[in-house]
2 protein chains.
Amino acid sequence: MMKDIGTELEIKCVNTIRMLAVDATQKANSGHPGAPLGMAAMGYALFDGFMKHSPANPEWPDRDRFALSAGHASMLLYSLLHLSGYDLPLDELRNFRQLGSRTPGHPERDLAAGVEISTGPLGQGLAHAVGMALAEARLAARFNKPGFNIVDHNTYVVCSDGDIQEGLSTEAASLAGHLALGKLICLYDDNGIQIEGRTSLAFGENVAAKFKALGWQVIGPVDGFDIPAVRKALRRARRDASKPSLIICKTIIGRHSPLEDSEKSHGSPLGADNAVATKKALGWPLEPEFIVPLEVAAHMRKAVARGKRAESKWSKLFSVYEKLYPADAKEFLSAMKGELPQGWESVLEGVIPADSKPMATRAASGKALNALFAKLPNLIGGSADLGPSNNTRLAASGSFSATDRAANNIHFGVREHAMAAVCGGIALHGGLIPYAGTFFTFADYMRPSIRLAAIMGVRVIYVFTHDSIGVGEDGPTHQPVEHLMSLRAMPNVTVIRPADAAETVEAWRAALLNSSGPTALVLSRQNLPCLDRAEYPSAANLHKGAYTLWQAREGAPDAIIIATGSEVEIALEAARALVDEGVNARAVSMPSWELFDAQTPEYKESVLPDAVRARVAVEAGIRTGWERYAGLDGEIVGMDGFGASGPASALFKKFGFVPGAVADAARRVVAKQKTKNGGSAS
Amino acid sequence: MMKDIGTELEIKCVNTIRMLAVDATQKANSGHPGAPLGMAAMGYALFDGFMKHSPANPEWPDRDRFALSAGHASMLLYSLLHLSGYDLPLDELRNFRQLGSRTPGHPERDLAAGVEISTGPLGQGLAHAVGMALAEARLAARFNKPGFNIVDHNTYVVCSDGDIQEGLSTEAASLAGHLALGKLICLYDDNGIQIEGRTSLAFGENVAAKFKALGWQVIGPVDGFDIPAVRKALRRARRDASKPSLIICKTIIGRHSPLEDSEKSHGSPLGADNAVATKKALGWPLEPEFIVPLEVAAHMRKAVARGKRAESKWSKLFSVYEKLYPADAKEFLSAMKGELPQGWESVLEGVIPADSKPMATRAASGKALNALFAKLPNLIGGSADLGPSNNTRLAASGSFSATDRAANNIHFGVREHAMAAVCGGIALHGGLIPYAGTFFTFADYMRPSIRLAAIMGVRVIYVFTHDSIGVGEDGPTHQPVEHLMSLRAMPNVTVIRPADAAETVEAWRAALLNSSGPTALVLSRQNLPCLDRAEYPSAANLHKGAYTLWQAREGAPDAIIIATGSEVEIALEAARALVDEGVNARAVSMPSWELFDAQTPEYKESVLPDAVRARVAVEAGIRTGWERYAGLDGEIVGMDGFGASGPASALFKKFGFVPGAVADAARRVVAKQKTKNGGSAS
């Protein structure tokens, strides 16, 4: 059996971390004691005196980044933060997993200072860390000058067997290896146990060989309870900055408890008796709970002073840098704050000339993106190998690679999930604005990372092209149907489906202005007419989410036809077709539910008057959900099933997305209202 | 430059396949010529005389399975099927990618005989193939007898760089290696090109070393244009049945065309000039198009006779087997047809005693599953390492492993996506009924494979537990919010969220009876009261999707409170609370939108009378979408954002899922209707 190795004080620190986890899970009567018990020494070795961080200023730009990919080991992180002097009082640890505490079951970014990323869904921490490391490499290339390495930090990860098993991790690790992100260092807690039992039940691969194949430096196995050994491995990892490093640490889950080396220690408190037995085994006082020995507190809090010194050294360097390179310094600080430079919007003028010919919104998006890049050189991103189709390529930049860090086009490969996570990690790091492109149907591959971006409220821009059956011949697997609705269902994602090129430009503007969550731009493959904005209201109305595009005549409308994206032209034509019948129809362009729902009740009433129930919603996607605006008495021209392979125009006809069918629906809802009113009057 | 190697006739066959792809993409004016040009020799080597199949009977149970994971190379498959004598006339190839054809842009199962699986989204074919191979291994262990290997076939895959890059493939390959699925053989088309250019832009890993680390036999690289070499590699792969095999085939995309070795040949027709140049380079007649030389047709159609011989040999063996083991034979044939054995439902009686104490629906699900297994020994599945929480373990069976093929519990590891795909593959193979468990929030990881199951219409049962903020302390990353709505948005998925143990049993029944698509069982972590069915209508009403559970008194209700799952008890209590105020409230349990929507208009009207607009919907999930039943005048007691970490009861209170809040909502909608009616009368 491996025993803890380190100085007496170090081992006391480690045991403090362990016992805090035992006490917190006991008190909460829920949680995961096994992982902190097993990882405490690894975590301690990293946090205390190795990692560059400043507990007094968790926002110091040049701090090392840390991702606890094994988020269930949250108590490990909370203990480390508390003991290192972050603003996380012991009372918060006592309040572990309680409503309103800053110590939730899984780490939540911004709830506690020092939590860089929300984790829990496995694989995400590691994959986001790849993005953090990528951001560091890119920013270093951009801002560092000879003698002034103002961006120079590592990204550390602690991950578990479960993280390694997720395909997402392999995708991200493959990309990290390919891009030679050598300042990424991952401590892998190889304890041989997962929830169903020994990992050998499900997991037989040679992890070391796999990571070597992915281009990583693999170190170990080392004894994860041997603090000097872990530090030595960390130093070795740091020495070779040409490859990301995986340090395999052999540990035992639930260490020192009667449940050690058993999955029983994973997801529930040890139980009172076992908690006592664990304390006894370590010679730890049985009470009170939540003991932090004075010498431990004193020792670990040195991180504060150490951090201040490190930061102060950096600040001095930066103040000289500021004098020598004032523009760069200003740009750096502003970018790290997530600000957009003054006047950035000016480049959007004229991107789409007023008299433009029909154009796919994906093409308009490419124009907007490239125009924006002139003012926003910190836009960085790419596609999961669909760049030419997604129009995500920055013409003015090269390809970011192991040898070229001064480029902003990322080739993510066919790794949609890692793309989303890496972009999340870039956003978390700060200094850059990431975007990620693929076919809309493959948004499904990215969904867990989209959700995490939404939970954390970070600015990631998804460029989803090929947004409906308009995909055409590629058929049902490539035609999104439910994707609009299922993204709208996700909180804090702003979904925008512009109707034409001008709305697309505004959609980019909205995406950049949304700094508190991700935005999904949903764009057509096929050409769409550019609405003549001399005739129709300005595309700037996009920012209100929905607006009246056209109405036959003044006054309350008899019917409202609501559409998004490529169906707006159909709605318009249908509305016009009703004029001769005396129906005062209104056509509404509704590019974004989220933006519309954020408007005042008055504005919403002005677009969709409550009294007008003769409503038709038109969208080349699933019907389900459109009742939100169409109501029980409206109609929805939408889909009920999957698409088909054929030319787009044939599909639009087949599925009823033609002005005639929409006008018929409008006629029916108008007639229904007449009957109703007649009925109630009789 | 590699040249084609084989007999003159073989090369002519290969060139026929190539030219059909060139002609079909030209004629369709869309599609992917590059991959078929590069893979034609590999495909030919496998299909003609190597693979065991019977074109005259594509349903022969003991055929080898084939998955074209690189689905964009669909013309390769269509040509192979046509030339091998499957029921796919040349006219269908002429009609490539046209609406109504059997030759869509990406292969769609059941559109063309011989297409085992719909592919296109990368990684899915390979991952599903792991499921097919797993099914073969399990069924062989179950049904084969000494001298009677009635289940004895291989599963072949053709995959591309893009497939390999998907994390899903690694997950599935890791599982296949661990489970030693040695009859799985994958031909990897290593052509060094992807859509954005050379694979080296994004992909630097050592694929051979990675697959070796995953426990695979890796063969090659071999020259993918050398037919004897590919066959030799295939034979070698087949010889070692202890490990799955990856055969790395070096090829050139767009082979023989002016665009060869360029991504330009990937996703668009070659263009008329290039098509002519390609034909000239091969000495191929420039016209007519779609030429199949007589000797090619004659040679490749021998597959029909060869297949009949193989099948006839098997049938003879099977008829002896049938005599010796009549029960096994009957069970085998019935299972392969997807039938449920007579009387299977009887085991469901009494699973939940009438007077049961409160019970989590996940616990009831575990009971139902285990009871069903007694009659349905072909139920097979497990969890992505959450078995003890998902209650997916079959107590009467062991763990399926490399050494125990006679067990039905699969340990998928923390590989949710592969789990979903593998279950899809098991269903496609036939003979088994797969189920897959995880926390509902992680359904996101599985989504692309759920979609494929829905598109293909195969019976996979997802056991999604921990279905809401009821998860409690694990916090927002682990609490599903939008998941119900986003799965309801997906066509052909039946989503069922039962209200109590009895409804859970019915939900399992419904899932098994649904043989034309996947079913998602959405289950609570926390205990729910078991409704006294002597007082309330039978839980068998679940099959109607929604039913009136309780109403204060006869007649038209004043208000309808609709709820699902854990919120049904809240709705009931709220409805009862309104009695004293004279409000005739109705409480509706609505476990499944899809089942309800399939009912007659009369039934639907009986549960939700159109005239009653005072409606409240209650669900501990996102509000968005419930307007479908609540209408514009109703209220939705739901969520607008993510959850929080804390005890479940505190969360239900915080987010307003308490009878008082629901009753208040009901009061408001009743008042609104009164005002409206008053208003229209005045």
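Residues numbered from 1 in each chain as written. Chains lettered and ligands numbered in written order. Predicted model: local features only at pLDDT ≥ 70, side-chain atom pairs only at ≥ 80, totals over all residues. Heavy atoms only, no water.

Asker: Help me get a handle on the packing of helix H7 (residues 167-178) of chain A against helix H7 (residues 167-178) of chain B, residues and values and all.
Answerer: One way to put it is that H7(A) packs onto H7(B) with a least axis distance of 7 Å and a crossing angle of 120 degrees. By the criterion of interaxial angle, the relationship of H7(A) to H7(B) is oblique. Crossing angle aside, the handedness with which H7(A) passes H7(B) is right-handed. Listed contacts from H7(B) to Gly167(A), Leu168(A), Thr170(A) and Glu171(A) of H7(A) are Gly167(B), Leu168(B), Thr170(B) and Glu171(B). The residue makeup of the contact of H7(A) with H7(B), split by class, is 2 nonpolar, 4 polar and 2 charged. (Axes fitted to C-alpha atoms, helices over the stretch in contact; angles between N-to-C directions. Helix = DSSP H or I, 4+ residues; strand = E, 2+ residues; numbered from the N terminus. Parallel < 35°, antiparallel > 145°, perpendicular 65-115°, else oblique. Left-handed = near helix turned anticlockwise from the far one by under 90°. Contact = heavy atoms within 4.5 Å. Nonpolar A, V, L, I, M, F, W, Y, C, P; charged D, E, K, R; others polar.)

Asker: Lay out helix H14 (residues 361-373) of chain B in plain terms, naming residues and giving numbers.
Answerer: Residue and element names in this part refer to chain B. When the terminal C-alpha atoms of H14 are compared, their 18 Å separation across 13 residues agrees well with the 18 Å that a helix rising 1.5 Å per residue should span. For H14, the buried fraction is high: 10 of the 13 residues fall into the buried class. For H14, the set of buried residues is Thr361, Arg362, Ala364, Ser365, Gly366, Ala368, Leu369, Ala371, Leu372 and Phe373. (Expected span 1.5 Å × (residues − 1). Buried < 20%, exposed > 50% of the residue type's maximum accessible area, 1.4 Å probe, protein only.)

Asker: Describe a positive patch on the surface, and please don't skip the residues or the numbers.
Answerer: Taken together, Lys232(A), Arg235(A), Arg236(A), Arg238(A) and Arg239(A) make up a surface patch of like positive charges. With respect to the element layout, Arg235(A) can be found in helix H9 (residues 227-239). (Patch = residues over 30% accessible without salt bridge, like charges linked within 9 Å, V, L, I, M, F, W, Y side chains within 5 Å. Areas by Shrake-Rupley, 256 points an atom, 1.4 Å probe, with all protein chains shown as cover. Salt bridge = Lys/Arg side-chain N within 4 Å of Asp/Glu carboxyl O. Lys, Arg positive; Asp, Glu negative; His and termini not counted. Charge placed at Lys NZ, Arg CZ, Asp CG, Glu CD.)

Asker: Explain the relation of the copies chain B and chain A residue by residue, including any values.
Answerer: For the match of chain B to chain A, the screw axis carries a shift of 0.0 Å, the RMSD comes to 0.0 Å, and the turn is 180 degrees. What the superposition gives is, in effect, a two-fold axis relating one chain to the other. Of the interface residues in chain B, 99% have counterparts in chain A that sit at the interface too, so the contact is made through matching surfaces. (Least-squares fit on C-alpha atoms with pLDDT ≥ 70 in both.)

Asker: Residue-level account of the interface of chain B and chain A, with values.
Answerer: One frequently used descriptor of interface size is the decrease in accessible area upon assembly of the parts. Between chain B and chain A, the residue contacts involve 104 residues of the former and 103 residues of the latter. Carbon and sulfur atoms supply 57% of the area that chain B and chain A bury against each other, a total of about 8200 Å² over both sides. Scanning the region where chain B abuts chain A turns up 10 salt bridges. Notably, a salt bridge pairs Asp474(A) with Arg97(B), separated by 2.4 Å at the nearest N-O pair. In this assembly, chain B and chain A are joined by 64 residue pairs in polar contact (both at pLDDT 80 or more). When residues in the side of chain B that touches chain A are grouped by element, the largest group, 8 residues, is from helix H17 (residues 443-456) of chain B. Residues belonging to the side of chain B that touches chain A are distributed by class as follows: 41 nonpolar, 37 polar and 26 charged. (Buried area = accessible area lost by both parts, 1.4 Å probe. Polar contact = N/O pair within 3.5 Å; in protein donor to acceptor, adjacent residues only side chain to side chain.)

Asker: Describe the pattern of salt bridges, and please don't skip the residues or the numbers.
Answerer: Scanning all chains against the criterion turns up 84 salt bridges over all chains. Ionic pairing is found between Arg667(A) and Glu581(A), a salt bridge with its closest N-O pair at 2.7 Å. Note that Arg667(A) is positioned in helix H25 (residues 659-681) and Glu581(A) in the loop between helix H20 (568-577) and strand E18 (585-589), a separation of 86 residues in sequence. Taking relative accessible area as the criterion, Arg667(A) reaches 32% and is therefore assigned partly exposed. Here Asp62(B) and Lys52(B) are joined by a salt bridge, their closest N and O atoms 2.8 Å apart.

Asker: Summarise the domain arrangement of chain A; cite the residues concerned and give the values.
Answerer: Residues and elements named next belong to chain A. If you check the domain split of chain A, you get domain 1 (8-306), domain 2 (344-528) and domain 3 (545-676). Computed from C-alpha atoms alone, the centre-to-centre distance between domain 2 and domain 3 is 26 Å. Contact with domain 2, which involves 24 residues of that partner, is made by 33 residues of domain 3. Summed over both sides, the interface of domain 2 with domain 3 buries roughly 2200 Å², with 60% coming from carbon and sulfur. Three residues stand out in domain 2 for area buried against domain 3, namely Ile469, Val481 and Arg497, and they jointly supply 30% of the buried area on that side. Inspection of the domain 2/domain 3 interface yields 2 salt bridges. (Domains from an automatic or database assignment.)

Asker: So what about the nonpolar core? Which residues, and what values?
Answerer: Most often, soluble globular proteins keep nonpolar side chains buried together rather than apart. Judged by nonpolar contacts, the single largest core of 83 residues is most densely connected at Leu134(B), Ile150(B), Trp216(B), Tyr462(B) and Phe464(B). No other element matches helix H5 (residues 124-143) of chain B, which puts 12 residues into this core. Built from parts of two domains, this core gets at least three residues from each of domain 1 (8-306) and domain 2 (344-528) of chain B. For Tyr462(B), the residues in contact, after removing those within four places along its chain, are Ala436(B), Met446(B), Ser449(B), Ile450(B), Ala453(B), Pro518(B), Thr519(B), Ala520(B) and Leu521(B). Ala176(A), Val207(A), Tyr321(A) and Phe332(A) belong to the second-largest nonpolar core, a separate cluster that totals 82 residues. (Core = buried A, V, L, I, M, F, W, Y, C linked by side-chain atoms within 4.5 Å.)

Asker: Any chance you could break down unusual backbone geometry for me, citing the residues and the numbers?
Answerer: The omega angle of the peptide bond from Gly220(A) to Pro221(A) is 10 degrees, so this bond is cis rather than trans. For Pro221(A), the position within the fold is in strand E6 (residues 217-223). The omega torsion of the bond from Glu287(B) to Pro288(B) falls at -5 degrees, within 30 degrees of zero and hence cis. Phi is positive for Ala180(A), close to 55 degrees, though the residue is something other than glycine. Relative to the elements of secondary structure, Ala180(A) occurs in the loop between H7 and strand E3 (184-190). What makes Ala180(A) buried here is its relative accessible area of 17%. A positive phi angle, close to 65 degrees, is found at Asn492(A), a residue other than glycine.

Asker: Describe in detail the environment of Cys530(A), supporting the description with residues and values.
Answerer: Residues and elements named next belong to chain A. One can find cysteine 530 in the loop between strand E15 (527-528) and strand E16 (547-551). Taking the relative accessible area as the measure of exposure, cysteine 530 reaches 17% and is therefore buried. Remark: the alpha-carbon pair of cysteine 530 and isoleucine 352, spanning 178 residues in sequence, is separated by 9.0 Å. Leaving out residues up to four positions away in the same chain, cysteine 530 has contacts with Ser356, Lys357, Pro358, Met359, Asp500 and Ala501.

Asker: So, the sheet that holds strand E3 (residues 184-190) of chain B: which residues are in play, and what are the values?
Answerer: Residues and elements named next belong to chain B. Taken in spatial order, the 5 strands line up as E1-E2-E3-E7-E6 in an open sheet, and their pairing is parallel. Strands at the two margins of the open sheet, each flanked by one partner only, are strand E1 (65-68) and strand E6 (217-223). The mean inter-strand angle of the sheet, taken between neighbouring strand axes irrespective of direction, is 15 degrees. Bridging between E3 and strand E7 (residues 245-250) involves 6 bridges; their strand directions are parallel. (Pairing = 2+ DSSP bridges.)

Asker: With reference to specific residues and values, describe the sheet that holds strand E11 (residues 433-439) of chain B.
Answerer: All names here are of chain B. A sheet is described by the order of its strands in space; here 6 strands give the open sequence E10-E9-E11-E12-E14-E13, paired in parallel fashion. Taken across any chain shown, the strands that pair with only one partner, and hence form the sheet edges, are strand E10 (409-411) and strand E13 (494-496). Strand after strand, the sheet turns through a mean of 20 degrees between neighbouring axes, direction not considered. When strand E9 (residues 379-383) meets E11, the two strands line up parallel, connected through 5 bridges. Counterpart to glycine 382 in the pairing with E11 is alanine 436.

Asker: Can you tell me about H17(B), naming the residues and giving the values?
Answerer: Quick reminder: α-helices carry 3.6 residues per turn. Residues three or four places apart thus point the same way. All names here are of chain B. Relative to the 20 Å expected for 14 residues at 1.5 Å per residue, H17 spans 18 Å between its end C-alpha atoms, a close match to the ideal helical length. The buried fraction of H17 amounts to 14 of the 14 residues, a majority that puts the element mostly inside the structure. Remark: glycine 457 follows H17 within two positions and exhibits a positive phi of approximately 70 degrees.

Asker: Explain the packing of H7(A) against helix H16 (residues 416-429) of chain A residue by residue, including any values.
Answerer: Residue and element names in this part refer to chain A. Where H7 contacts H16, the two axes come as close as 8 Å, and the packing angle between them is 70 degrees. Put simply, H7 runs roughly perpendicular to H16. On the side of H7, the interface is formed by Leu168, Glu171, Ala172 and Leu175, while H16 contributes Glu416, His417, Ala418, Ala421 and Val422. By residue class, the composition of the contact of H7 with H16 is 6 nonpolar, 1 polar and 2 charged.

Asker: Pulling in residues and values, what's your account of the packing of aromatic side chains?
Answerer: The geometry of an aromatic ring pair is captured by the separation of the ring centres together with the interplanar angle, meaning the angle of the planes. Taken as a whole, this structure holds 46 aromatic pairs over all chains when the rule is applied. Ring geometry for Phe442(A) against Tyr445(A): centres 5.9 Å apart, planes inclined by 85 degrees, an arrangement best described as edge-to-face. On the basis of relative accessible area, Phe442(A) is assigned to the buried category, the value being 7%. When the centroid spacing of 6.3 Å and the interplanar angle of 75 degrees are considered together, the rings of Tyr435(B) and Trp508(B) count as edge-to-face. Separated by 73 residues along the polypeptide, Tyr435(B) in strand E11 and Trp508(B) in helix H19 (residues 501-513) bring together distant segments of the chain. (Phe/Tyr/Trp six-rings, centres within 6.5 Å; stacked < 30°, edge-to-face > 60°.)

Asker: Could you give an account of the environment of Ile433(A), with specific residues and numbers?
Answerer: Residue and element names in this part refer to chain A. One can find isoleucine 433 in strand E11 (residues 433-439). The spacing of isoleucine 433 and alanine 630 is 197 residues in sequence and 36 Å in space, taken between C-alpha atoms. Residues contacting isoleucine 433, with those up to four places away along its chain left out, are Leu340, Asn378, Leu379, Ile380, Arg459, Ile461 and Leu512.

Asker: Account for the pairing of E3(B), naming residues and giving values.
Answerer: Along any regular strand the residues' side chains alternate between the sheet's two faces. In terms of burial, E3(B) is largely enclosed, as 7 of its 7 residues are buried. Along E3(B), one buried face is formed by Leu184(B), Cys186(B), Tyr188(B) and Asp190(B) and the opposite face, lined by Ile185(B), Leu187(B) and Asp189(B), is buried too.

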